Amino acid sequence: MNYHSPASFAEASALAANVDGVTRFLAGGTDVLVQLRADIVTPDTLIDIKMIDGVSDIIQNDDGSWTLGVAVTGAEMTEHAGLSQDWPGVVEAMDLVGSTQVQGRATLTGNLCNGSPAADSVPAMVAAGVTVTVTSADGSREVAVEKVPTGPGRTSLAKGELVSAVNIPARGDNAGDAYLRFIPRTEMDIAVVGVAVSLRLDGDIVTEARVCLGAVAPTVLLVQDCADAINGSTLDDAALDALAVAASAACNPITDKRGTVEFRTDVAGVLAKRAAKIAYARANGETVKGDHA
Amino acid sequence: MALDDRKSDFTFIGTRPDRPDGLDKVTGRAKFGADAVAPGMLFGAIVRSPHAHARIVKIDTSKAEAMKGVKAVVTRADFATGLTGEFWNVQENVMAGDTALYDGHAVAAVAANSALDARDAAKLIEIEYEVLPHVTDVDKAMEADAPVIRDGTADGSVPEGMHPNVVRYHESGHGDVAAGFAAADLVIEDSFKTEATHQGYIEPHACLASLGADGKGELWCTTQGHWYAQKHCAALLGIETSQLRVTASEIGGGFGGKTTVFIEPVALALSRKANRPVKMVMSRSEVLRATGPTSSTSMDVKIGMTKDGTITAAEGVFRLQGGAFPGAPMEFTAMCAFAPYALENVRQVGYDVIANRPKQAAYRAPGSPMAAFAVESVIDLLCQQLDLDPVEVRLKNASKKGTKASYGPRFDDIGLVECLEAARDHPHYSAQLEQGQGRGISCGFWFNHGGETSVSLALSEDGTVQVSVGTPDIGGSRASMALMASETLGIPYENIRVTIADTATLGYNDVSHGSRVTYASGLATIKAAQAAIAEMCKRAAAKWGIPEDAVKWEDGCAVPSGPNAGDFEPLAMADITADMGATGGPISGHFEATPEGAGVSFGVHIVDAQVDPETGKTSIPRYTVIQDAGKAIHPAYVEGQFQGGAAQGIGWALNEEYVYGEDGRLQNAVFLDYRIPVASDLPMIDTVIVEVPNPGHPYGVRGVGETGIVPPLAAIANAVSRAAGVRMFELPMSPPRILAALKADG
Ligand SMILES: Cc1cc2nc3c(=O)[nH]c(=O)nc-3n(C[C@H](O)[C@H](O)[C@H](O)COP(=O)(O)OP(=O)(O)OC[C@H]3O[C@@H](n4cnc5c(N)ncnc54)[C@H](O)[C@@H]3O)c2cc1C
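Residues numbered from 1 in each chain as written. Chains lettered and ligands numbered in written order. Predicted model: local features only at pLDDT ≥ 70, side-chain atom pairs only at ≥ 80, totals over all residues. Heavy atoms only, no water.

## Some points on the environment of Gly451(B)
Residue and element names in this part refer to chain B.
Step number 1: Along the chain, the position of Gly 451 falls in the loop between strand 16 (437-446) and strand 17 (453-459).
Step number 2: By relative accessible area, Gly 451 is classed as buried at 5%.
Step number 3: Setting aside anything within four residues of it in sequence, one finds Gly 451 in contact with Asp 510, Arg 516, Ala 593, Thr 594 and Pro 595. (Helix = DSSP H or I, 4+ residues; strand = E, 2+ residues; numbered from the N terminus. Buried < 20%, exposed > 50% of the residue type's maximum accessible area, 1.4 Å probe, protein only. Contact = heavy atoms within 4.5 Å.)

## As for the nonpolar core
One broad trend across soluble globular proteins is that nonpolar side chains are buried collectively.
All names here are of chain B.
Step number 1: Membership of the largest hydrophobic core comes to 98 residues, with the highest contact counts inside it found for Ile 303, Ile 716 and Met 733.
Step number 2: At twelve residues, the largest contribution of residues to this core is made by helix 11 (residues 368-386).
Step number 3: With residues up to four places along the chain from it excluded, the contact list for Ile 716 reads Val 607, Ile 620, Tyr 623, Gly 649, Ile 650, Ala 653, Leu 654 and Met 733. (Core = buried A, V, L, I, M, F, W, Y, C linked by side-chain atoms within 4.5 Å.)

## Let's talk about the sheet that holds strand 6 (residues 126-131) of chain B
Where strands meet in a sheet, backbone hydrogen bonds hold them as pairs that are either parallel or antiparallel.
Residues and elements named next belong to chain B.
Step number 1: Across the sheet, three strands lie side by side as 4-2-6; this open sheet has antiparallel pairing. Each end of this open sheet is capped by a strand with a single partner; those strands are strand 4 (99-100) and strand 6.
Step number 2: Pairing between strand 2 (residues 54-60) and strand 4: two bridges, direction antiparallel. Considered in strand 4, the bridge of Ala 54 is made with Ala 100. (Pairing = 2+ DSSP bridges.)

## Focus on the pairing of strand 7 (residues 139-144) of chain A
Residues and elements named next belong to chain A.
Step number 1: Where strand 6 (residues 131-136) meets strand 7, six bridges bridge the pair, whose relative direction is antiparallel. Bridge assignment links Thr 131 to a residue of strand 7, and that residue is Ala 144.
Step number 2: In textbook terms, the turn of a hairpin is the stretch between consecutive antiparallel strands, and for strand 6 and strand 7 this stretch comprises two residues.

## Examining the site of the ligand
Residues and elements named next belong to chain A.
Step number 1: Close contacts around the ligand come from 31 residues, with Gly 28, Thr 30, Asp 31, Thr 107 and Asp 120 the closest.
Step number 2: Phe 25 places a main-chain nitrogen or oxygen 2.9 Å from an oxygen atom of the ligand.
Step number 3: At 3.4 Å from an oxygen atom of the ligand is found a main-chain nitrogen or oxygen belonging to Asp 189.
Step number 4: Protein burial of the ligand: of its 980 Å² of free accessible surface, 88% is covered by the chains.
Step number 5: Taken together, the elements giving at least two residues each to the shell around the ligand come down to strand 2 (23-26), helix 2 (32-37), helix 7 (108-113) and strand 10 (162-168).
Step number 6: Here the element with the most residues in the shell around the ligand is helix 7; it accounts for four residues. (Near = heavy atom within 4 Å. Polar contact = N/O pair within 3.5 Å; in protein donor to acceptor, adjacent residues only side chain to side chain. Areas by Shrake-Rupley, 256 points an atom, 1.4 Å probe, with all protein chains shown as cover.)

## Brief notes about the interface of chain B and chain A
Step number 1: Contact with chain B, which involves 24 residues of that partner, is made by 26 residues of chain A.
Step number 2: Taking both partners together, chain B and chain A bury about 2100 Å²; carbon and sulfur atoms supply 48% of that area.
Step number 3: A per-residue breakdown of the area chain B buries against chain A is headed by Arg119(B), Lys617(B) and Arg675(B), which together make up 27% of the total.
Step number 4: There are nine salt bridges connecting chain B and chain A.
Step number 5: A salt bridge links Arg119(B) to Asp39(A); the nearest nitrogen and oxygen atoms lie 3.2 Å apart.
Step number 6: Counting across the chain B and chain A interface gives 18 residue pairs in polar contact (both at pLDDT 80 or more).
Step number 7: For the side of chain B that touches chain A, the secondary-structure elements that each account for two or more residues are helix 4 (115-124) and helix 21 (735-745) of chain B. (Buried area = accessible area lost by both parts, 1.4 Å probe. Salt bridge = Lys/Arg side-chain N within 4 Å of Asp/Glu carboxyl O.)

## Some words on the packing of helix 11 of chain B against helix 12 (residues 390-397) of chain B
Residues and elements named next belong to chain B.
Step number 1: Where helix 11 contacts helix 12, the two axes come as close as 10 Å, and the packing angle between them is 115°. The angle between helix 11 and helix 12 falls in the class roughly perpendicular. The element helix 11 and its partner helix 12 pack so that their crossing is right-handed. Here Glu 376, Ile 379, Asp 380 and Cys 383 of helix 11 lie close against helix 12, whose contacting residues are Pro 390, Val 393 and Arg 394. (Axes fitted to C-alpha atoms, helices over the stretch in contact; angles between N-to-C directions. Parallel < 35°, antiparallel > 145°, perpendicular 65-115°, else oblique. Left-handed = near helix turned anticlockwise from the far one by under 90°.)

## Section: the domain arrangement of chain B
Residues and elements named next belong to chain B.
Step number 1: Along its sequence, chain B is organised into domain 1 (22-30 + 450-593) and domain 2 (367-448 + 599-745).
Step number 2: The C-alpha-based centres of domain 1 and domain 2 are spaced at 38 Å.
Step number 3: The tally of links between domain 1 and domain 2 comes to zero salt bridges.
Step number 4: Our count for the contact surface shared by domain 1 and domain 2 stands at four residue pairs in polar contact (both at pLDDT 80 or more).
Step number 5: Sorting the residues of the side of domain 1 that touches domain 2 by element identifies helix 15 (477-489) and helix 16 (517-544) as the ones contributing at least two each.
Step number 6: Sorting elements by how many residues they give to the side of domain 1 that touches domain 2 places helix 15 first, with six residues.
Step number 7: Class assignment of the residues belonging to the side of domain 1 that touches domain 2 gives a composition of six nonpolar, eight polar and one charged. (Domains from an automatic or database assignment. Nonpolar A, V, L, I, M, F, W, Y, C, P; charged D, E, K, R; others polar.)

## Side note on helix 11 (residues 261-283) of chain A
Step number 1: The end-to-end C-alpha distance of helix 11 of chain A, which contains 23 residues, comes to 32 Å, matching closely the 33 Å that a straight helix rising 1.5 Å per residue would cover.
Step number 2: Immediately beyond the C-terminal end of helix 11 of chain A, within one or two residues, lies Gly285(A), with a positive phi of roughly 90°. (Expected span 1.5 Å × (residues − 1).)

## Observations regarding the packing of helix 11 of chain A against helix 21 of chain B
Step number 1: In contact at an axis separation of 10 Å, helix 11 of chain A and helix 21 of chain B are set at 80° when each is read in the N-to-C sense. In terms of their interaxial angle, helix 11 of chain A and helix 21 of chain B are classed as roughly perpendicular. Here Glu262(A), Phe263(A), Asp266(A) and Val267(A) of helix 11 of chain A come into contact with helix 21 of chain B, specifically with Pro735(B), Pro736(B), Leu739(B) and Lys743(B).
Step number 2: Within the contact of helix 11 of chain A with helix 21 of chain B, the residues separate by chemical class into five nonpolar, no polar and three charged.

## Overview of the pattern of salt bridges
Step number 1: Per the stated rule, a full pass over the model turns up 63 salt bridges over all chains.
Step number 2: Between Asp673(B) and Lys257(A) there is a salt bridge, and its shortest N-O distance comes to 3.6 Å. With Asp673(B) in the loop between helix 19 (635-654) and strand 26 (685-690) and Lys257(A) in the loop between helix 10 (237-250) and helix 11, this residue pair bridges two chains.
Step number 3: Given a relative accessible area of 30%, Lys257(A) falls into the partly exposed group.
Step number 4: We note a salt bridge from Arg357(B) to Glu195(B), for which the minimum N-O separation is 3.0 Å. Within this pair, whereas Arg357(B) is found in the loop between strand 15 (346-353) and helix 11, its partner Glu195(B) is found in the loop between strand 8 (186-194) and strand 9 (206-211), the two being separated by 162 residues in sequence.

## Some words on the packing of aromatic side chains
Step number 1: Considering all chains together, one arrives at 20 aromatic pairs over all chains under this definition.
Step number 2: Ring centres of Phe445(B) and Phe602(B) lie 5.1 Å apart, and the angle between their planes is 50°; on these two criteria the pair is classed as tilted. With Phe445(B) in strand 16 and Phe602(B) in strand 24 (residues 601-611), the pair connects residues that are 157 residues apart, well separated along the chain. Like Phe602(B), Phe445(B) is buried.
Step number 3: Stacked on the ring of Tyr637(B), the Lys or Arg Arg19(B) has its end atom at 4.9 Å from the ring centre.
Step number 4: Above the plane of the ring of Phe182(A) lies Lys617(B), whose end atom (NZ or CZ) is 5.5 Å from the centre. (Phe/Tyr/Trp six-rings, centres within 6.5 Å; stacked < 30°, edge-to-face > 60°. Lys NZ or Arg CZ within 6 Å of the ring centre and 35° of its normal.)

Following this line, the structure appears as structure tokens:
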């Protein structure tokens, strides 16, 4: 196994483009190193991206949008007052990952690029309309988060491509987001179902809703029917019921050791309602602590 | 054992000093199984069967042996032959013979210069399998068309016509159950199932083994019983028992799961072949796949009750699957099932069933928690339907001193009624429940055990004391031994150091199991201290020139036994030990016996459960454990045992389970998916120590290590069923299972 710690993304992508075998980028390493030790994936090339300038920065741009370095950890996000104020759903989703120790290392980029259908931050990023900047020898392109995972353990990134930044839109006024996951325990577990909702209010009417489901299909699902169910409503019971029905209908889960098809389908609807209520309250300016469902 | 020296007012016993191993454990100085090193040490790795059931056609080790850094490869051919009985079964489990019997069964092993080399070399061992049909479910394993796993395993107890996978049978009871059921106002009969769970100790199995061509060996390992390890390793390797010295490391939990051997004989075999010390450490996945979980069960229980809550008859059938080997503790399940109740008519039947799973190992009160789940659920159903108070019904039927137990003998002093009264009077039992909550209670019973015990106590010149015991400290027992020694000797707790001696230092000691350590090693420590006291009195008598029986021991000093004995200044321990070399030689006390007065134990748990009706998720807002400890030597560690039992029981009841796929492979062999409770899943677990002294122990001790895991499954099932409004018959009560039950109920 060869270990590299390039000083730039250009160098990192050149390295990745020119090696054979299995390549892994090392962000927090909370997936890569665990898979290595468990003898699941032994990379031939390990490219540590933490020495690249700016990878730990959290920057708010003039238009209110946010740019996060690819090595920003969950703990750094949670401690960032401005980011937490703007995007509590995204921050809480990342905060659900692992334990205090894991939080000190784990990143949004790693969570996304590991390709797990159950990754917690991914539905929240998708609901929030987050994009990532993907760098290669040919330059950079911006890719919506929902376009990155293509199946369990797989992404759309080509050989020699890597994520160089995470771009979170400006939050704007009267808006809120939330992410809830179902786990049988209270922490240190993997999502059996995850639901993220982001929305804006026009008076008390929902607009711009985005609803994303995790762990109920091979990739995250951005579900337009869910958005349609609540857009234009006051999130009344009828809208919530329609949201639950749409969420359950969108599920394409499997039965495995973590849950059954039926359970995942039912709970997706339940969590969609609960997450939408939190997002709505937040958009109304209320401070609502998300929970673990 | 007749004891004329029962004591009841104590100076040191009942206090809560720091545990002697505490500093080592919080600073990382304690040496656990994986902390041992030796010069020239190699690392071992095991090749395990990926199949639930497969004939081993061929093992080709040549590529592995040719790899650089590899020093030895072993297969079953490197172990002793001709073993029978339990030695044979343990050997079959430690290293497969002709057939791999479960997913994870060891088939070969390799030792190399580094752990990574060993892991890579293991991949080079080529094994050809002929896959055979398999079965992992207990009920399916008994069906006529089930694959036969190890034909000829059944013993003579099995009734004719049963499937060969039924390997042992038990039946006991008394009275006339048919007549009893006829006298009942309400009879309820239901079927229950529980999945296998793992003990979940935090420390994986680990050892460092060295065995020479001369048949002399050293073994360091994490174990609950190093004499057991010595005996079994010697047998499996074909060497003499006494030539293998075994030292028990600090142990990071066992709960019964470390009462047998797995990697130790393999490491010894590798060492013998490589002529170098070999270290082996299991991964968590290996622990889950190949070390002992509990049995899984299928049970039918029938109980009859009159309108006033009197149980008229009880009957149970208990089928336990314990892996591909005989030994599932179905007789304990059967015998414990109805033990809390004074019954005129009772009958219990047990079946030991083999299947393609790892060999079950003990787990705190092996077999009893499942029985309680079935029996106490039916009692709860009877209470619901007859509109009776669950504690009052249990009090009405509770076993007492003199009751003929459901499993035969008559009870001596026992504390079940006291526990139930404490439950009834506890504020928890009458506290208001919130919306969505339900409250459950359950009784629990365990036999407790004595076992072979040998303790040695040596005095130092400065009057301090070294106690050597042979029972690994799995629950703070060094503190308890020191407290009992200090109470007996009349010297401070801090003046005593208790060590777990190796197998070369003491006579045979049974394993730290059966809640026996505080009872049996404690009794032996007290007796050894009394022997040392007798010798000290003798030395004082000689010094004073008076007869030995004119000296008595009081508050850590030899004193004349009365005015007639003479007028001498008390001689403190340190005064006697200071010149013991010149007054007759070193002073020590020993005690060896197999004490038989362990004293059975009862407990009662009260638990509140909250069920989310939309997701089926359960939380446990409140939990109270009440249990008879006889006499709590170190109350904090008694409470710790109570709380630990409840915590493990919460996991077993709600989320822990072995999940097997259609292919017979274990699906969840990591802690991510084998869901033991995390700290935030648990409420503060309240405890009440009831003390009804055990007549079989000088200070009244009853073991407390196991009973605490008996009531939780039932108590939680009763609470969840009441909270959800639908009865749960199967464990674990995971959210998908509860949600499915709620939906089925409409
Ligand atoms: C104890 C524990 C608990 C956990 N709990 C959770 C949980 O609750 N929820 C959850 O979702 N996850 C959980 N995880 C998984 C893991 O922590 C997360 O997926 C984490 O966000 C991964 O981030 P990382 O920075 O550590 O990634 P790494 O391990 O460094 O990398 C992960 C993957 O991303 C790729 N990668 C990294 N950086 C880049 C880049 N710049 N460009 C392209 N690819 C890149 C790597 O090649 C690798 O494939 C847990 C892990 C552990 C060990």
